Amino acid sequence: MRIGWVQYARRLTRRNVTVSRRLWSTQALPERTLSKTRNIGIIAHIDAGKTTTTERMLYYSGYTRRIGDVDEGSTVTDFLPAERARGITIQSAAITFLWPPSNSALDENYNQVPRSSFTHNINLIDTPGHADFTFEVLRSLRVLDGAVCILDGVAGVEAQTEKVWLQAGNYQIPRIIYINKLDRAGAAFSRTTKEIGVRLHGWPAVCQIPWWRDGKGDFMGVGDVVYLRGLMWQGARDGSQIQSFELRDLEEADNDFASEMKKARIALVELLSEHDDAMVELFLEHGEDHLAIPGPQIIQSLRKTVLKTPQTVIPVFAGASFRNIGVQPLLDAVIDYLPSPLETPGPEISLGGKSGDLSQLLMGNSKDLIPAPTGKGQKSLDVKNLQACALAFKVVNDPKRGILVYVRVYSGSIDKGSTLFNTNLCSAERVPRLLKMLANDAQEVDSIQTGQIGVIPGLKLARTGDTLIVYKGMNAKSHPPAPLDSLQLRPIQVPPPVFFTSIEPQSLSEQKHVLETLAILLREDPSLHLSVDEESGQTHLAGMGDLHLEIARDRLLNDFKAKARIGKIEIGYRETITSSTSPHTSQLERTIAGKLAKASMTASATPKEEFALREAVGPDDRFATIHETEDGNMIVIRHPGLSKIHGQHPAIPLHLTLPQILTSIHAGVSAALARGPMNGYPIASTAVAIDLDAEKHLFVESTPSAISMVTRNAVSSSLRTACETSPSALMEPVMLVNIFVPESSMGSVVQDVSSARGGHVLSLDGSDSSNAAAEDLRTVNPAQVYTPPDPFASGTFDTGLNDSQRQIVARVPLKEMVGYLSHLRSLTGGRGTFVMQVDGFEKMNELRQREVLEGAREYS
Ligand SMILES: Nc1nc2c(ncn2[C@@H]2O[C@H](COP(=O)(O)OP(=O)(O)OP(=O)(O)O)[C@@H](O)[C@H]2O)c(=O)[nH]1
């Protein structure tokens, strides 16, 4: 067969392609272990079948004896009662298992299928699909080296999948796709594959085709396009028996299926040859016969293309996990196509407000990140003393084992007994024990090495998202030198919470338990926020969505059995100042717990849009510390004469350090910003400047809590003064909404969004030319994507979006989006879906402000 690119191929000079072969015997042990490690995640839209697939993975790898069922609530990964009751995944759980298992654990027939003969360590993180838990997904994505994206073969590519796919792409995570639920009526492998091309912006490489009984009966197996075999699940109901058929046998038994597999192989080789020159050479070497190229070489080429950044080729697999079809080859694909920690780029870090990457720092190329010492007697920093660097990506309260902190180690090794410095909390704690989670069982280990995921039980402080480092010679009381003490791994921006509820213990005796429980919830999930309204004495819990808070409420009342009254879930409005203040100094001199506490602080406040950061900070940024909060506030602490970078300063009382003082000031400012002076809503879009003069403001009686109290008073006074000069304004959360609707309902949905809901339509079908990110995405012509025919599918694939689906992007106030899904469903005959995220807060006009305030009064 002559194909377009052959001519081009012939022109290529034949190179001696040397396959880099690693000599296992000479390799360092950790590297050998690392090359056989996969840190992967499963991502998808809600209900696509992530948990069902994970349960099968655990079963086939021999870690569970029976298959857990989401519908019966007996799964391993959804272990929270709230998850089991709702049948959805809320917390991501990380589990480790080995694949392939020892030969005896696999069916004899399936064992004939070639695969990696080395057992790999798979650390699998199951992520939730609901939009309210986007931060669970984001946090999990940070520690993944690769991901399996599961699609529902009936629903195709759904809105949430698109969102998470894009986020994974931003983190440069290679991905493969598994089209699940092919046993369901209406399943359409072909349509879904074309949607992958159009909506996920990559070329689908069909590695398996579905195998239907007699071409259009039950879904019974898959055609393995790489090794040219038919795999049929039969016999045992648990899917452990797989019959493997060679192509020549298939030609006799099911010739139509055999011919389709050959077409699929031709398409796969052609696709690879467009992205990998080595495949062109292989094709020529094998007499221009697509079928003659050996499977391992196809895998090698496909792996190479999958690991390229940006990823343009997406391997696609087929199955029906619930029917126990397709999971074992998917696990083989995880090993074949997804990278080991050795093959992924070093993680992004931020250090003293600058960004770079960890390997750059560790290799000593850190001039951009660490300024050279300037003062006398100051030593340059030795990064070799940084013995380990890890990310706490998940904190879980395990009913049996207590608080477990899941960590991914990025460099060095965390050993039992070592002291960890938490750079987010500026505090140290000892590692009492270390565990490796094997399915839902734990195994004690002495260390967790680079590239591995493990668990630290018994930590008192670490929260989800914190960076933990081990610095040579450090103990629980000492501090690593600046700026290493500020090192942050893959920092993520958590958007502001937009819903809140009030929580009140039922009695005074319950208060301690309620507060302890809330503290655990906050350690587990930092996208929950807690604040205490000083005036009403009420505790407010704020979160990303109503489901987010509902789940927190369930956990508090049902899992932790806390006795508390919980208010209704409300929208979190904000208030902002409209005029600036001149610096105001507050003083504190009070006996606290029998001891004199004394401190002063100077603060001023300015509307953010009028604030000039450069002028405020001055020419030398070592003498200022800047924080931007998720509510769009800016906190600038000026500390002239006190450099952040090196050593202790004579003007600072000996019992304090500059980092401690800055942390206390920050806590004081945050407390003041949590409650605006006019209506009690948190402050947004405001710049607060603090002037710290160590000689005037600090005394031997200045404790961290005194510093934070006096800062809070100074900021609150400034905010009050600003509101007395000109009244503050209310702000409401505005969402960026992506709505997918059938063509026929487009008009009514646009009309509803823009008039009834006061929204602003930004684009239709991604036509917004101002969106640079969208322009970057490749466009794939679905007509050029190979897919096998869909025996049951109705309709045609024309616009590239499922059944003439159209996309509307709009900005809409959150208040108008409450309960939107059921309204959208009624406008679209049940076919519309949407995803949304906070786009910011906007000042409201007077009429809207009045409505909100009246609504709030009715409630209170
Ligand atoms: N027919 C069929 N149903 C399936 C298949 N896989 C999963 N399901 C069903 O789909 C529903 C959702 O499955 P889950 O595994 O909970 O999906 P999930 O993606 O983990 O869902 P979240 O945790 O809520 O994000 C359950 O009722 C499953 O039994 C499949 O292959 N075929």
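Residues numbered from 1 in each chain as written. Predicted model: local features only at pLDDT ≥ 70, side-chain atom pairs only at ≥ 80, totals over all residues. Heavy atoms only, no water.

What follows is about helix H13 (residues 327-337). A large share of H13 lies buried, amounting to 11 of its 11 residues. Three or more residues of H13 are buried, namely Val 327, Gln 328, Pro 329, Leu 330, Leu 331, Asp 332, Ala 333, Val 334, Ile 335, Asp 336 and Tyr 337. (Buried < 20%, exposed > 50% of the residue type's maximum accessible area, 1.4 Å probe, protein only. Helix = DSSP H or I, 4+ residues; strand = E, 2+ residues; numbered from the N terminus.)

Moving on to the packing of helix H12 (residues 295-306) against H13. Relative to each other, H12 and H13 sit at 70°, their axes nearing to 9 Å. Here H13 runs roughly perpendicular to H12, going by the angle between their axes. Here Ile 299, Leu 302, Arg 303 and Val 306 of H12 come into contact with H13, specifically with Ile 335, Asp 336 and Tyr 337. Of the residues in the contact of H12 with H13, the class split is five nonpolar, no polar and two charged. (Axes fitted to C-alpha atoms, helices over the stretch in contact; angles between N-to-C directions. Parallel < 35°, antiparallel > 145°, perpendicular 65-115°, else oblique. Contact = heavy atoms within 4.5 Å. Nonpolar A, V, L, I, M, F, W, Y, C, P; charged D, E, K, R; others polar.)

Taken domain by domain, the protein holds domain 1 (4-13 + 37-343), domain 2 (348-367 + 382-489), domain 3 (499-571), domain 4 (584-727) and domain 5 (731-859). Counting from both sides, the interface comprises 35 residues of domain 1 and, opposite them, 25 residues of domain 5. Summing both partners gives a buried area of about 2700 Å² for domain 1 against domain 5, and 66% of it is carried by carbon and sulfur. Of all residues in domain 1, Lys 194, His 201 and Trp 203 bury the most surface against domain 5, accounting for 23% of the area lost on that side. At the junction of domain 1 with domain 5, the criterion picks out seven residue pairs in polar contact (both at pLDDT 80 or more). For the side of domain 1 that touches domain 5, the elements supplying multiple residues, two or more each, are helix H7 (159-170), helix H8 (189-199), strand S6 (203-206), strand S7 (208-212) and helix H10 (255-275). Of the residues forming the side of domain 1 that touches domain 5, the biggest block, nine residues, is contributed by H8. (Domains from an automatic or database assignment. Buried area = accessible area lost by both parts, 1.4 Å probe. Polar contact = N/O pair within 3.5 Å; in protein donor to acceptor, adjacent residues only side chain to side chain.)

Where helix H21 (residues 746-756) meets helix H23 (residues 820-827), the closest approach of the two axes is 10 Å, and the angle between their N-to-C directions is 145°. The element H21 and its partner H23 pack so that their crossing is right-handed. Residues Ser 748, Val 749, Asp 752 and Val 753 of H21 form the contact with H23, whose participating residues are Tyr 820, His 823, Leu 824 and Leu 827. Partitioned by chemical class, the residues of the contact of H21 with H23 number five nonpolar, two polar and one charged. (Left-handed = near helix turned anticlockwise from the far one by under 90°.)

Moving on, we get to the nonpolar core. Formed by 121 residues in total, the largest nonpolar core has its most connected members in Ile 122, Val 148, Ile 176, Ile 177, Ile 196, Leu 361 and Leu 487. In terms of residues, this core owes the most to one element, H10, which gives eight residues. Membership of the second largest hydrophobic core comes to 40 residues, among which are Ile 503, Ile 571, Leu 814 and Val 852. (Core = buried A, V, L, I, M, F, W, Y, C linked by side-chain atoms within 4.5 Å.)

Each strand in a sheet pairs with its neighbour through backbone hydrogen bonds, running either in the same direction (parallel) or in the opposite one (antiparallel). Taken in spatial order, the five strands of this open sheet run S30-S31-S34-S33-S32, and their pairing is mixed. Both edges of this open sheet fall to strand S30 (584-592) and strand S32 (624-628), since each of them pairs with a single strand only. Averaged over neighbouring strand pairs, the angle between their axes works out to 25° when direction is ignored. The pairing of strand S33 (residues 634-638) with strand S34 (residues 686-691) spans five bridges and is parallel. Paired with Ile 637 across the strands is Ile 690, a residue of S34. Those strands touched by helix H18 (residues 658-673) are strand S31 (595-607), S32, S33 and S34, and its axis lies near 145° from that of S33. Against the sheet, helix H20 (residues 704-725) touches S30, S31 and S34, its axis set at about 35° to S31. (Pairing = 2+ DSSP bridges.)

Bringing the side chain of Arg 229 into the picture now. Structurally, the position occupied by Arg 229 is in strand S9 (residues 229-233). A polar side-chain atom of Arg 229 sits 3.5 Å from a polar atom in the side chain of Glu 246.

This structure, assessed with the given rule, holds eight aromatic pairs. Taking the centre distance of 5.5 Å and the plane angle of 70° together, the rings of Tyr 59 and Tyr 60 count as edge-to-face. The same class applies to Tyr 59 as to Tyr 60, namely buried. The side chain of Arg 175 reaches across the aromatic face of Trp 165, ending 4.3 Å from its centre. The ring of Phe 699 has Lys 598 sitting right over it, with the charged end atom 4.5 Å from the ring centre. (Phe/Tyr/Trp six-rings, centres within 6.5 Å; stacked < 30°, edge-to-face > 60°. Lys NZ or Arg CZ within 6 Å of the ring centre and 35° of its normal.)

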